[in-house]
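Per-entry structural report
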Amino acid sequence: MPKNSTLKPATSLLALTLCLLSGCSSGKTHVATLDVPAGASLVALDVTNVRGSVEVRVNPRATHATVESTAAVATRDYKSPAKDAEIVDALGVNAEFASVEDRAVLKVVSTSQRPEADDQRIDLKITLPRCDGVSIDNRGGLVMVVGASGAHTITNRLGPVEVRTNTPIVDPVTLTTTDGNIYYQVPPGSSGSFDLATLSGECAFQNKVTDVQKDSYYTRQALSTVLNAGSNPVVARTNAGDIRVWVIEDPVGLTRMYKKTVPDFRDLLFQDGSQRYTRNLPDTAQRNTDYERWYNIK
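Just so it is clear, the structure is predicted and the values come from calculations on it, not from any experiment. (Residues numbered from 1 in each chain as written. Predicted model: local features only at pLDDT ≥ 70, side-chain atom pairs only at ≥ 80, totals over all residues. Heavy atoms only, no water.)

1. Topic: the environment of Ala-117
In this fold, Ala-117 is placed in the loop between strand E7 (103-112) and strand E8 (120-128). In this structure the C-alpha to C-alpha distance between Ala-117 and Ile-87, which are 30 residues apart in sequence, comes to 9.3 Å. (Helix = DSSP H or I, 4+ residues; strand = E, 2+ residues; numbered from the N terminus.)

Structure representation (structure tokens):
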């Protein structure tokens, strides 16, 4: 949604709880459809996923929103159908449309009775007839958004981020992950003040369609430039991974089979202590000044 717009308390609410009913112990899938509130000229998406993957696609031919959720066991030390069923049964998903006047937000939230456990996952596949803004918070898997417009705010942990759209983006964008590649692909007409940085990897900016680019600065691990005189910030951060930006004629058509980087388990040793600044970003806590420009995202 436009950066200056705000959502007031909903005057109408279309809610649907996606009950993950008992099924096979290895995983349970539920597909639900929700009608987009009548008269909504702007539709945004807000997703919070406890652990897993999030795939969002815009299909202009769709007549409603679809949320497919699969609850499953992420890892196992040994086969135990009873334990697997216990893990899956502790997971749930809620989806609802909140609307006010001509604006609507689809809120999708996964929950777990064991929120810190790493042996669980919920994979979400969301289809919308339109999407004018995206906010996603995820852990432990791929976050992919295809075809959305407006502002994007995506926070991931231990997983890659991919944004592809054929609609020009002229709104603020923030893409962060602790470990994983970041891909941002937009068409002609997009703008932005780009600020890219990785602690371990490479930054690249491929502009195939316009010469209106200035104030470029880059090293292997940091890159900044201004596209089409844009004042909208486009910020990308990763601890371990590459950051790739493409400005091309068909951004949605550029796909890749392999998106992930393999995290080094030794990196997880630095979640706390004097080396914490090398692992957690973004973070408002005081940091070593050498890293301040990477982590202090405003």
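2. Here's the deal with the sheet that holds strand E5 (residues 65-73)
Consider a sheet: its strands pair through backbone hydrogen bonds, and that pairing is either parallel or antiparallel. Ordered by their spatial adjacency, 9 strands build an open sheet running E2-E5-E8-E4-E10-E12-E14-E20-E16, and the pairing between neighbours is mixed. The open sheet has two edge strands with one neighbour each: strand E2 (27-34) and strand E16 (203-207). Sheet twist, expressed as the average angle between the axes of neighbouring strands with direction ignored, equals 5°. Both strand E14 (residues 182-186) and strand E20 (residues 243-247) contribute to a ladder of 5 bridges, which runs parallel. Each bridged residue has a counterpart across the sheet, and for Gln-185 the counterpart in E20 is Trp-246. Packed on one face of the sheet, helix H1 (residues 81-89) meets E2, E5 and E8 and runs near 145° to E5. (Pairing = 2+ DSSP bridges. Axes fitted to C-alpha atoms, helices over the stretch in contact; angles between N-to-C directions. Contact = heavy atoms within 4.5 Å.)

3. Some thoughts on the side chain of His-152
In this fold, His-152 is placed in strand E11 (residues 151-156). Setting aside anything within four residues of it in sequence, one finds His-152 in contact with Val-134, Val-145, Val-163, Ile-169, Pro-172, Val-173 and Thr-174.

4. So, the pattern of salt bridges
For the structure on display, the rule yields 12 salt bridges. Residue Arg-244 pairs with Asp-242 through a salt bridge whose shortest N-O separation is 3.6 Å. Relative accessible area serves as the criterion here: at 23%, Arg-244 is assigned to the partly exposed category. By sharing partners, the salt bridges in this structure join Glu-202, Arg-220, Asp-242 and Arg-244 into a single network. (Salt bridge = Lys/Arg side-chain N within 4 Å of Asp/Glu carboxyl O. Buried < 20%, exposed > 50% of the residue type's maximum accessible area, 1.4 Å probe, protein only.)

5. Describing the side chain of Asn-181
As for its position among the elements, Asn-181 is in the loop between strand E13 (173-179) and E14. Assessed through its relative accessible area of 7%, Asn-181 is described here as buried. A distance of 2.9 Å separates polar atoms of two side chains, one belonging to Asn-181 and the other to Tyr-183. (Polar contact = N/O pair within 3.5 Å; in protein donor to acceptor, adjacent residues only side chain to side chain.)

6. Description of the packing of aromatic side chains
With the rule as written, the count across this model stands at 3 aromatic pairs. A centroid spacing of 6.4 Å and a plane angle of 25° characterise the contact between Tyr-183 and Trp-246, whose relative ring orientation is stacked. Note that Tyr-183 is positioned in strand E14 and Trp-246 in strand E20, a separation of 63 residues in sequence. Under the relative-accessibility criterion, Tyr-183 is labelled buried at 8%. For the ring pair Phe-194 and Phe-205, a centre distance of 4.9 Å and an interplane angle of 85° mean the geometry is edge-to-face. Of this pair, Phe-194 sits in strand E15 (residues 192-200) while Phe-205 sits in strand E16, placing them 11 residues apart in sequence. Phe-205 gets classed as buried once you look at its relative accessible area, which sits at 15%. A network of ring pairs unites the aromatic residues Tyr-184, Phe-194 and Phe-205 as a single cluster. (Phe/Tyr/Trp six-rings, centres within 6.5 Å; stacked < 30°, edge-to-face > 60°.)

7. Quick word on the pairing of E13
Regular strands show a simple pattern: their side chains alternate between the two faces of the sheet. Along E13, 6 of the 7 residues are buried, which leaves the element largely enclosed by surrounding structure. Note that E13 and strand E19 (residues 233-240) share 6 bridges and pair parallel. Along E19, the bridge assignment pairs Leu-175 with Ala-236.

8. Section: H1
Taken as a whole, H1 has its buried residues at Asp-84, Ile-87 and Val-88. The arc that holds every buried residue of H1, seen down its axis, measures 95°, which confines them to one face. Buried residues along H1 sit in contact with E2, E5, strand E6 (91-100) and E8. (Arc of directions from axis to C-beta.)

9. A word on the pairing of strand E10 (residues 143-146)
Residue alternation in E10 divides its side chains into two sets, Val-143 and Val-145 and Met-144 and Val-146, and both sets are buried. As paired strands, strand E4 (residues 52-58) and E10 are joined by 4 bridges and run parallel to one another. What sits directly across from Val-54, in E10, is Val-143. Two strands pair when backbone bridges link them, and E10 and strand E12 (residues 161-164) are joined in this way by 4 bridges, in the parallel orientation. For Val-146, the partnering residue across the bridge sits in E12 and is Arg-164.

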